[in-house]
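Descriptive analysis of the structure
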Amino acid sequence: VITEKAQFEKFAADVEAIQREYGAKLSAILDRLEALDPEVAKRTIEVFDDRHNAAIWLAAPRPCFLGLTPYQVITSGKRQDVLDVLGRIEHGIFS
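A brief report on the enclosed structure follows.

Basis of the calculations
- Residues numbered from 1 in each chain as written.
- Predicted model: local features only at pLDDT ≥ 70, side-chain atom pairs only at ≥ 80, totals over all residues.
- Heavy atoms only, no water.
- Salt bridge = Lys/Arg side-chain N within 4 Å of Asp/Glu carboxyl O.
- Helix = DSSP H or I, 4+ residues; strand = E, 2+ residues; numbered from the N terminus.
- Buried < 20%, exposed > 50% of the residue type's maximum accessible area, 1.4 Å probe, protein only.
- Axes fitted to C-alpha atoms, helices over the stretch in contact; angles between N-to-C directions.
- Parallel < 35°, antiparallel > 145°, perpendicular 65-115°, else oblique.
- Left-handed = near helix turned anticlockwise from the far one by under 90°.
- Contact = heavy atoms within 4.5 Å.

1. Quick look at the pattern of salt bridges
Taken as a whole, this structure holds nine salt bridges when the rule is applied. Between aspartate 31 and arginine 51 there is a salt bridge, with the nearest N and O atoms lying 2.9 Å from each other. Taken together, the residues span a long stretch of sequence, with aspartate 31 in helix H1 (residues 4-36) and arginine 51 in helix H3 (residues 51-59) at a distance of 20 residues. A residue is classified by how much of its surface remains accessible, and aspartate 31, at 39% relative accessible area, is partly exposed.

2. Things to note about the packing of helix H2 (residues 38-48) against H3
Closest axis-to-axis distance for the H2/H3 pair is 8 Å, and the angle between their directions is 110°. On the basis of their axis angle, the class for H2 and H3 is roughly perpendicular. Crossing handedness for the pair H2 and H3: right-handed. Between H2 and H3, the residues in contact are Thr44, Ile45 and Phe48 and Arg51, Asn53, Ala54, Trp57 and Leu58, respectively.

Take a look at the structure:
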């Protein structure tokens, strides 16, 4: 019989594992972008104030990119579209 405490400890361990994996994947996205386009990577970090928030933004689908992630837009050759949106975000015009 598994106690409630043991279930909670297992759940907490699972959550921590997921957070580590998610963090590593986010970091990898930003690492790839820094190799692909250092200027856009630097600009994204500046706008979002840190690597973690920049990576989250890069990895999530955005309506302004018709459901694509900013990373997908960059890799499709439309880096200026991403830079334009970053400029709007920086000036409080959320897309």
